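Below, each chain spelled out in residue letters.
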Amino acid sequence: MSAIAASAQASDRRSPPPGTLEVGIGAFAVLHIGLGLFMAVNPHGFYTAVGPFEAFNQHYIRDVATFYGALGFGLAVALRRPAWRVPVLAITTVQYALHSVNHLADIGKAHPAWLGYFDFFSLAAATVLLAWLLRAAVEAQAGAGQRRAVCRATRALR
């Protein structure tokens with residue numbers, strides 16, 4: 001067995017089942033677009049249901065809605081354009097990690113208090129899931145590059 005074939009087999013064993021990456025990206029795209037719309041259309045509803053930290057500020061919630069909408073758009077484009085997957089997932093993963101740290105810093109300031117803990121742990125879990133999707137996208141991109149190299153080498157041998 002060639003080194004390339006062995007490497008491809010090892011990569012296949014670690015890779016998620018086919019379609020998992022697309023389902024994950026699609027789910028996060030829908031989540032981001034949905035949250036962005038919720039924040040933009042009903043900022044006070046979002047504040048009371050999801051983000052009751054300190055004083056209500058409609059403008060800042062709508063500002064955050066634009067970020068969620070932009071990430072959702074990028075994730076949606078990444079479904080159709082695989083070259084976008086690694087950069088968009090990397091940016092989204094960093095955003096979630098930073099957002100998690102922010103919620104950890106303010107964990108006791110939510111009303112009701114349990115929501116601060118729920119927000120932090122759900123954001124941290126989403127960060128881990130996004131990092132896993134990012135790793136899968138990097139492996140898929142590397143695998144595609146390996147397959148292209150094998151095809152080029154095979155054509156060169158003809």
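Residues numbered from 1 in each chain as written. Predicted model: local features only at pLDDT ≥ 70, side-chain atom pairs only at ≥ 80, totals over all residues. Heavy atoms only, no water.

As a further point, take the packing of helix H4 (residues 58-80) against helix H5 (residues 85-105). Running from N to C, H4 and H5 cross one another at 150°; their axes reach a closest spacing of 9 Å. By the angle between their directions, the pair H4 and H5 is classed as roughly antiparallel. The crossing of H4 and H5 is left-handed. In this structure, H4 uses Tyr-68, Leu-71, Gly-74, Leu-75, Ala-78 and Leu-79 to contact H5, whose residues at the interface are Arg-85, Val-88, Leu-89, Ile-91, Thr-92, Gln-95, Tyr-96 and His-99. (Axes fitted to C-alpha atoms, helices over the stretch in contact; angles between N-to-C directions. Helix = DSSP H or I, 4+ residues; strand = E, 2+ residues; numbered from the N terminus. Parallel < 35°, antiparallel > 145°, perpendicular 65-115°, else oblique. Left-handed = near helix turned anticlockwise from the far one by under 90°. Contact = heavy atoms within 4.5 Å.)

On to unusual backbone geometry. Leaving glycine aside, a negative phi is the common case for residues, and trans is the common case for peptide bonds. Note the cis peptide between His-111 and Pro-112, where omega equals 5°. With respect to the helices, strands and loops of the structure, Pro-112 is situated in the loop between H5 and helix H6 (113-157). Positive phi values are uncommon outside glycine, yet Glu-54 reaches one of about 50°. Mapped onto the elements, Glu-54 comes out in the loop between helix H3 (43-49) and H4.

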